[in-house]
Amino acid sequence: MTMQGAPDPESEQGRVGSEPGRTHVSAAGLRARGWTDAIVRRLLGEPDRLSAHPRFRSAPWTRMYRVERVEAAEQSAEFRSGAAFRSGVAFRSGVAFAARRSGAVRKAVGRRGRESVARRRREVLARILAEPIDVPRMDAGELARRAVEHRARREREATASTAGIAGTANALGAPNTLSPPRSPNPPRSPSPPHTDPASLDRWKVDYLRHRLSPYDELLEGLSSREGRGRAAALLRQRIHAAIAEAYPGLAAECERQVRDQQLGPPTGEISAHSD
C-alpha cells in the first residue's frame, strides 16, 4: 500500500517543498498538543504525508497528520485518559521538584545564617578580648567622694521615678502603695567618713563601672540569638578585672560582684573562638 503523499525514494519530485499550513500537523506539533509517540502509533498510525524541511533539503522527512484525524482522535476516551495521566504525572513531578528545591534552598539559607551568626559572635568576642580597658585613675579621697555622689544621684533618680509612678496611680484613683510617706527632714546623702567600708567599696566599683559604660559599644550589632548575653558577661568580667588591677583594694569587691551577678565562667574559659 502506497502512503498518500509519500516521496519517491528515487526522485526529488516526491518531496513536498512547503508546509501544508493548517491542514496537517507535524509530529512536533502533536507533541506540543500532549501526544506521545506511543499514542501517535496507536491512534493515528502512519502519517498522511511526509514533508521536506523548507530550508535544509538534506534534513530528515517530517511526518504530517491531517488535522481532521488528529482532532477526532483527541476526542476519544483513550486519548483523554492518557492526557490526564500525563498531566498528573507532570504536575506531581513539578511539585516534587519544587519541594526538593525549596528544601535545599532553606537548608542552604539556614546554614549560611548559622555560619554568619557564629562569625559575628567570634568577631565581637575577639574585639572584647583585644580592647584595652582604660580605668580612670584618682586618689582614694576623690574616688570615694565621686562614688558617694554617684550613689546619691542614683537614689534621687529612683525616688523620682517611684514618685512619678505613684502620681500616675493617684491620678487614676488608685491608692498610693508605692512610695513611703514623706519625711519633713529627708536624710542627707551619706559621706565617706560615715559609710561602712563594704558599702563604700561597692559604690566605688559601681561608679567606675558607670564611667566605663562606653565600652558597651563593643556589643553593638550582636543580638541575643547571636550570644549577646555571653559577650556582655565577658565584657563586664574584663571591666571588673581592670578595676581590680587599677585599684587593688577593690579586688575583693570586684570578685564578689562577678560571683554574685553570675557574669560567666572565670577569666580564660571564654575565648574569641567560642561558639
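Model, not experiment: these values are computed from the prediction.

Student: I tried to follow the nonpolar core on my own but got confused; where do I start?
Tutor: A general feature of soluble globular proteins is that nonpolar side chains tend to end up buried together. If you look at the biggest cluster of nonpolar residues, it comprises 32 residues, and the most contacted ones within it are Ile128, Val135, Leu208, Ile243 and Tyr247. When contributions to this core are tallied by element, the ones reaching two or more residues are helix H4 (77-130), helix H5 (140-171), helix H6 (197-211) and helix H7 (228-246). The leading source of residues in this core is H7, at nine residues. Once residues within four sequence positions are removed from consideration, Ile128 is found in contact with Leu218, Leu219, Ala231, Leu234, Leu235 and Arg238.

Student: Help me understand the packing of H7 against helix H8 (residues 251-260), please; the structure alone is not making it clear to me.
Tutor: Axis angle and axis distance: for two packed helices, these are the angle between their axes and the distance between the axes, and together they describe the pair. In the contact formed by H7 and H8, the axes pass within 8 Å of each other and the chain directions differ by 165 degrees. By the angle between their axes, H7 is roughly antiparallel relative to H8. The hand of the H7/H8 crossing is left-handed. Where H7 approaches H8, its residues His240, Ile243 and Ala244 are matched on the opposing element by Ala251, Cys254, Gln257 and Val258. In terms of residue class, the contact of H7 with H8 is made up of five nonpolar, two polar and no charged.

Student: Sorry, what's going on with the pattern of salt bridges here?
Tutor: When the charged atoms of two side chains with opposite charge come close together, those side chains can pair. Tallied over the full model, the rule gives 13 salt bridges. Among the salt bridges present, the one from Arg69 reaches Asp48, with a minimum N-O distance of 3.2 Å. Taken as a pair, Arg69 in helix H3 (residues 67-74) and Asp48 in the loop between helix H2 (37-43) and strand S2 (49-51) lie far apart in primary sequence, 21 residues in all. Residues Arg146 and Glu142 are paired through a salt bridge, measuring 2.7 Å at the closest nitrogen-oxygen approach. Placement of both Arg146 and Glu142 in helix H5 is noted, with a separation of four residues, approximately one turn of the helix. Relative accessible area serves as the criterion here: at 22%, Glu142 is assigned to the partly exposed category. What you see here is one network of salt bridges that share partners, running through Glu142, Arg145, Arg146 and Glu149.

Quick notes on the rules
Residues numbered from 1 in each chain as written. Predicted model: local features only at pLDDT ≥ 70, side-chain atom pairs only at ≥ 80, totals over all residues. Heavy atoms only, no water. Core = buried A, V, L, I, M, F, W, Y, C linked by side-chain atoms within 4.5 Å. Buried < 20%, exposed > 50% of the residue type's maximum accessible area, 1.4 Å probe, protein only. Helix = DSSP H or I, 4+ residues; strand = E, 2+ residues; numbered from the N terminus. Contact = heavy atoms within 4.5 Å. Axes fitted to C-alpha atoms, helices over the stretch in contact; angles between N-to-C directions. Parallel < 35°, antiparallel > 145°, perpendicular 65-115°, else oblique. Left-handed = near helix turned anticlockwise from the far one by under 90°. Nonpolar A, V, L, I, M, F, W, Y, C, P; charged D, E, K, R; others polar. Salt bridge = Lys/Arg side-chain N within 4 Å of Asp/Glu carboxyl O.

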